[in-house]
Structures are given as structure tokens and as C-alpha cells.
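As a plain string of letters, each chain reads:
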Amino acid sequence: MKVALLNHGCAKNLVDSELMLGLLAQKGHEVTLDENDADIVVINTCSFIHDAEQESVQTILQVAQSGKKVIVTGCLPQKYKGELKKAIPEIAGMVGTSDIKEIVNVVEQVSNGYVSKVSEKPDYIYPENIERQQITVGASSYIKIADGCNYHCGYCIIPNLRGEYHSRTMESIIEEAKGLVKKGVTEIVLIAQDTTGYGIDLYGKQALPQLLEKLNEIDGLGWIRIMYAYPSQMSDELIDAMARLDKVAKYVDIPLQHCNADILKAMRRPVMDYEVLVNKIRERIPDVAIRTAFIVGYPGETDEQFNELYEFVKKMRFEKMGVFEYSREKDTASYSMSEHVSAKVKKQRRNKLMKLQQKISKEINESYVGRTVPCIVEGYTDDGVVLMRSQHDAPEIDGMVYASSDEQVVPGDIENVLIERADEYDLFGTIQG
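Structural notes, computed from the coordinates.

### Section: the pairing of strand β11 (residues 223–226)
And then number 1: Of the two faces of β11, the one carrying W223 and R225 and the one carrying I224 and I226 are both buried.
And then number 2: With four bridges joining them, strand β10 (residues 187–191) and β11 adopt parallel strand pairing. Bridge pairing links V189 to R225 in β11.

Listed below in C-alpha cells is the structure:
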């Protein structure tokens, strides 16, 4: 049976897709990423916000119309369960977020009729002893160190879709990292709903600093990057480990979501002085780049509260920043709140913040001009320009470094680049021999 897989959503979903491909390959199924070349198409879906759901639904409908058997996995079936099948009767099978081990059974049974394996209460445990069939093998690769979430932020449905937080053992993560390095991966990107909470459930305390120490010892590994930090978990021990360990990218991805105390409280986020936290990170980790994200238009957000956020962004000058308009999702605490902000105002606020950030980003990027920066080789453009990233740029999220080179370079290599010019998002330079 030839099975194709289409992935939607975040890097955490990508890892789940690769695990399902690994399971199918292990059982002798031929797997492909070309849906036209398959009998069965598995669509791993995202349900984080309304737009992501729509995108997933469009893919399901398109593939179903082509007459293929469609198995829908991940967040959509977990969120809607039987409703999804009623809405799209063409669906041949469904697998929930914590049921990915069932993918083989579902693939093998759909020819006999509709099959659903969606746990009522998700509880994601990482399926160890499966070799991921990687969709993207390049300079960098993701490692999921935990899944699930114990926080219940007011706008977020993830705990309902993924269950409680479960860390993987340190040994299994180290083993996976060593295997990836053997395959030629130079940069490992650690992901979870909250990477900074790693180990609390297994070891009784935050174990990310110890994990970083062990990863830092792996021969042949170039960079270790941490995504999705939680503000109240940025402990002194973690900050010091990030500063001290030479392979850890000096990059902190810490979605703050807002700065106003009342909005943070309504969001069920840590109410703390983020200015103090950001300054501490910058003082302790020399040459650090901080990426953050904010939500505008949360129910009840006044013009004054938005202006406070605007001034905060202006003052803090984040190296990287994303802004999201609040998306009203069922089964979240904010769904039934009053004082919803109009779509027009949300859009205006987002645009205003992003315009400010573009200016800041350009000024920060221009400060790199004249500096020599180590960058990882991603590949080449059609006309021979080398595609690279500095350690201040996460894959698929941040900017690129476009470089010229007299010598042939290999994806995964880390080379020094003299930066010659910059725009809002990208840097341009020459590789130094």
C-alpha cells in the first residue's frame, strides 16, 4: 500500500508526521510526500487558530475530491472528533493527537470502511524506538523533548488537544541527537509546548540546563537551539547554561504575549516585570538575540493597554518579533469573555506594531554590517547564492543570510561571513576563506 503524508502546522506536528512515516515504513508500507502517487493520503492537521483549521480543511476537501482515501490525523480530529466526520463524510479514517501509534492499524483497515482512533482524553507519550522518516533532512533538525501542556492560557486550546505535559527521558533525547548528527545534521532545535519546563515531571526539577550540558558534549554537533521558552521558567541556572555552553545558540525564543498586568492576568499568563527579565537575559548572555510574540486585540484590551504594549516594544527593541491578532477559539477561557475587540481594530493594532518592529529590525540588522558572523549553510539559490543562517536566526521563522563564495561550501557547514549590507529581515555578505 502506497501512503502519502501532508503536514500542516508547527514543528511539533512535523515531528509527529515523521514518526508516523517511520511507523508505516517499519511495517513495510511505501511512503511518499506526493499525494498524486499514493492510494491513501494521511493529512496531519493543525487546529491552533481558525486560519490554520481552514487551511487543513481545504487540503482534506481537495484530496478527497481527487478520489483518494483520506486519513485525518492530529489536532482537527482531536478537537472535533465525530463532528468532523459528519462535516466531511469523505474522510476514511481519523487518528487523534496522542494515538499516532495507531496509524498503521488505521491505514490497514480503511479499505474495509471508516476507522477512528481518537482518545477521548489525549495524553501524548512520545513513541520511542521508532526511527523518524525525516521529511526535511538538512543542516538542522527538530527534536521534540516533551509534549502536552500544564498551563491553561486563556486563548489556547493546546492542553485540550495534547493533554498534560510529558517529558522524554534525557537518555532517549541524547541518543536521538547522536543519531541525527551521524546523518549529517549540524544544528539541533529543541521543541515542546514549553521547553523550559522540561524534566519537572520526570526529575522533580527543571532539567533543561543538564540536558544542554549533555548535548553540548556531542562530537560533530554545531549548534543547539531552544524554542518556546516560558517567562517564569527562565531560571538563573538556565540563563547561565545558555551563556556558558559554546554550542548553545545565543538566541532566546520567549513569547511574552503582552506586557500589561491586567491583560496578562486575563490571559492567565505570568504577571511579572518583563523589562527586568529581558534586561537580565541580555546582561547574562552576551550578543543574545531575543525573539518574542505578542497577541493584540485580546478581549477587553483598551487603547491605553495597547499603547502600553507599543511603548514597551519601542523601548525593549526585540531582535525578532511576531504579532498575532487574537483568534476566538471554542473551549478556551477567553471564548466567553465580553468586550471582544473588532476585527478592524485588531488588524490596525497588529499593523502598527509590525511597522514599528520593521524599523527596529532594520536598525538592528544594519548593526551587523562590517561584522564577521558564523553562519550555517542551508543550500544554494538557482543563481549560486549561498543560503545561510546566523545563530540569531531560527530555521523557517527568522531571516536568512545571503552570501557569495569563491569556494564550494556544503550544507551543514558553519562558515564565517563578512556582512556587507542588511534589510529589515535579511543580511547579505561574503564567505571568508
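We are not done yet, so read on.
### Quick look at the sheet that holds strand β17 (residues 401–404)
And then number 1: The strand order β15-β16-β17-β19-β18 describes a closed barrel built from five strands, whose pairing is mixed. Strand-to-strand twist of the sheet, defined as the mean angle between neighbouring strand axes without regard to direction, takes the value 50°.

### Concerning helix α7 (residues 170–182)
And then number 1: With 13 residues, α7 ought to run about 18 Å at 1.5 Å a step, and its terminal C-alpha atoms sit 19 Å apart, in line with that.
And then number 2: Three or more residues of α7 are buried, namely M170, S172, I173, I174, E176, A177, L180 and V181.
And then number 3: Elements in contact with the buried residues of α7: β7 (140–144), β10, α8 (200–203) and α9 (208–216).
And then number 4: Looking at the residues trailing α7, positive phi occurs at G184, about 105°.

### Describing helix α1 (residues 11–26)
And then number 1: The end-to-end C-alpha separation of α1 is 22 Å, in line with the 22 Å expected for 16 residues at 1.5 Å each.
And then number 2: For α1, a buried count of 14 out of 16 residues is recorded, marking the element as mostly surrounded by other parts of the structure.
And then number 3: Downstream of α1 by a residue or two, G28 has a phi angle that is positive, lying close to 85°.

### Notes on the pattern of salt bridges
And then number 1: Going through the model one piece at a time under the given rule, you end up with 30 salt bridges.
And then number 2: The residue R284 makes a salt bridge to D236 at a minimum N-O spacing of 3.6 Å. Here R284, found in helix α12 (residues 274–284), pairs with D236, found in helix α10 (residues 236–244); they are 48 residues apart in sequence, far enough to count as distant.
And then number 3: Accessibility expressed as a relative area gives 34% for D236, which makes it partly exposed.
And then number 4: E366 is the salt-bridge partner of K362, the closest N and O atoms lying 3.8 Å from each other. Here E366 and K362 lie together in helix α14 (residues 343–366), a separation of four residues that amounts to about one turn.

### Thoughts on the nonpolar core
And then number 1: Judged by nonpolar contacts, the single largest core of 74 residues is most densely connected at L190, L211, L212, M234 and L353.
And then number 2: The residues touching M234, leaving out its near neighbours within four places in the chain, are T196, A229, I239, M242, V252, I254, L277 and I281.
And then number 3: One finds L5, A11, V107 and Y251 within the second-largest nonpolar core, a separate group that totals 33 residues.

Parameters and conventions
Each chain carries its own residue numbering, running from 1 in the direction its sequence is written. Reporting of local features is limited, given that this is a predicted model, to residues whose pLDDT is at least 70; pairs of side-chain atoms are given and counted only at 80 or more, and all residues count toward the totals for whole chains, interfaces and linings. Neither water nor hydrogens contribute to the side-chain values; these are computed over all heavy atoms in the structure. Residue exposure (1.4 Å probe, protein chains only): buried if accessible area is under 20% of the type maximum, exposed if over 50%, otherwise partly exposed. Secondary structure elements follow DSSP: runs of H or I of four or more residues count as helices, runs of E of two or more count as strands, with numbering from the N terminus. Two strands pair if DSSP finds at least two bridges between them. Only the stretch in contact is used when fitting a helix axis, every axis being a line fitted to C-alpha atoms; angles between N-to-C directions are given from 0 to 180 degrees. Helices are assigned an expected span. That span is 1.5 Å times one less than the residue count. By definition in these notes, contact holds between two residues if any of their heavy atoms fall within 4.5 Å. Salt bridge, as used here, is a side-chain nitrogen of Lys or Arg placed within 4 Å of a carboxyl oxygen of Asp or Glu. Nonpolar cores are built from buried Ala, Val, Leu, Ile, Met, Phe, Trp, Tyr and Cys residues. Side-chain atoms within 4.5 Å join them into one set.

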